[in-house]
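Notes for the structure review
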Amino acid sequence: MNTEKVTTRTLLKMKKKGEKIACLTAYDYLTARLLDECGIDLILVGDSAAMVFAGYENTLPITMEAMLYHTAAVKRGVKRAMVVADMPFLSYQTSIADAAQNAGRFLKESGAEAVKIEGGRVAAPIVKNLVERGIPVMGHLGLTPQSIHKFGGYQLQAKDKESAERLMAAAKALENAGCFAIVLEKIPYQVAQEVSRELSIPTIGIGAGPYCDGQILVVDDMEGRYEGFEAKFVRRYADLAGQMRTAFKAYHKDVKEKSFPSLDESFSQE
Ligand code: KIV
């Protein structure tokens with residue numbers, strides 16, 4: 001397996017070669033270590049942590065401090081993959097100065113190699129400013145979960161011609177502003193294909209079909225741990241919740257029946 005450290009330049013080269021970029025989210029050290037060992041190219045410390053790690057209803061409540069903590073934990077588990085920190089709601093929308101301060105904290109305090117921000121044309125000046133300060137930025141278009149209250153739900157985006165054209169214009173604006181990659185979430189595959197063709201930076205799809213330059217899923221969805229969530233675009237690779245339930249029940253039974261711990265699992269004076 002290729003052990004060379006993944007950087008923004010690696011991702012660009014992969015797009016040029018037509019090599020797909022495999023990305024997943026992570027929020028903790030042990031998961032990050034496994035993802036890295038298995039060759040995942042980019043690990044996003046997503047603000048989806050608010051939902052799958054902390055149990056909130058949406059991504060809005062998670063704080064800078066929580067995201068810094070998760071990012072630092074992930075970073076400690078990773079040698080090769082690029083680690084990208086998701087900037088939480090209101091950590092960059094309030095002003096360019098806030099965006100620079102908070103993005104800088106991710107690089108300085110948690111070891112992230114880049115940040116991700118949501119939004120199109122409005123986000124472009126923020127991206128430009130961060131990139132000028134030496135902070136690599138990943139964009140995020142389509143269904144941007146921090147705008148859940150504006151959308152009124154998690155519906156498919158860019159469905160009609162006008163909204164698809166708006167998305168294309170936003171993608172170009174983000175590329176011109178200096179993004180090194182753009183996440184495309186829950187949009188028709190034809191729109192994602194067109195954007196991927198038009199841009200020279202990689203597109204990373206989630207619910208955006210097979211023609212993106214890379215793919216990302218929320219790790220708890222693909223490993224079958226976040227059971228309440230069903231989506232057409234999530235492929236379940238494991239049933240970790242089922243396996244964990246079996247283990248917890250077996251442990252519960254063993255303790256109740258006094259078969260755990262055995263003397264072999266205990267210390268002796270001799
Ligand atoms: O927060 C997150 O996990 C994300 C991915 C879904 C792209 O933004």
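Residues numbered from 1 in each chain as written. Predicted model: local features only at pLDDT ≥ 70, side-chain atom pairs only at ≥ 80, totals over all residues. Heavy atoms only, no water.

The next subject is the sheet that holds strand S6 (residues 181-185). The strand order around the closed barrel built from eight strands is S1-S2-S3-S4-S5-S6-S7-S8, with neighbouring strands paired in parallel fashion. Averaged over all neighbouring strand pairs, the angle between strand axes comes to 25 degrees, with direction disregarded. Where strand S2 (residues 42-45) lies against strand S3 (residues 82-86), four bridges are found, and the strand directions are parallel. Paired with Ile 43 across the bridge in S3 is Val 83. (Pairing = 2+ DSSP bridges. Helix = DSSP H or I, 4+ residues; strand = E, 2+ residues; numbered from the N terminus. Axes fitted to C-alpha atoms, helices over the stretch in contact; angles between N-to-C directions.)

What you tend to see is this: most non-glycine residues have negative phi, and most peptide bonds are trans. The omega torsion of the bond from Phe 260 to Pro 261 falls at -5 degrees, within 30 degrees of zero and hence cis. A positive phi angle, close to 70 degrees, is found at Leu 90, a residue other than glycine. When you line up the elements, Leu 90 lands in the loop between S3 and helix H5 (96-109). Not every positive phi belongs to a glycine, and Lys 186 is a case in point at roughly 50 degrees. Mapped onto the fold, Lys 186 is located in the loop between S6 and helix H9 (189-198). A relative accessible area of 25% places Lys 186 in the partly exposed class. (Buried < 20%, exposed > 50% of the residue type's maximum accessible area, 1.4 Å probe, protein only.)

Glancing now at the pattern of salt bridges. By the definition in use, this model includes 17 salt bridges. Taking the shortest distance from any N to any O, the salt bridge between Lys 5 and Glu 113 comes out at 3.2 Å. Here Lys 5, found in the segment before helix H1 (8-17), pairs with Glu 113, found in the loop between H5 and strand S4 (114-116); they are 108 residues apart in sequence, far enough to count as distant. Lys 5 sits in the partly exposed class, given a relative accessible area of 31%. With a shortest N-O distance of 2.8 Å, Asp 213 and Lys 15 are connected by a salt bridge. In this pair, Asp 213 sits in the loop between strand S7 (203-206) and strand S8 (214-217) while Lys 15 sits in helix H1, placing the two residues 198 residues apart along the sequence. Three or more residues joined by partner-sharing salt bridges are found here, namely Lys 5, Lys 75 and Glu 113. (Salt bridge = Lys/Arg side-chain N within 4 Å of Asp/Glu carboxyl O.)

Taken by themselves, the reported measurements are silent on function.
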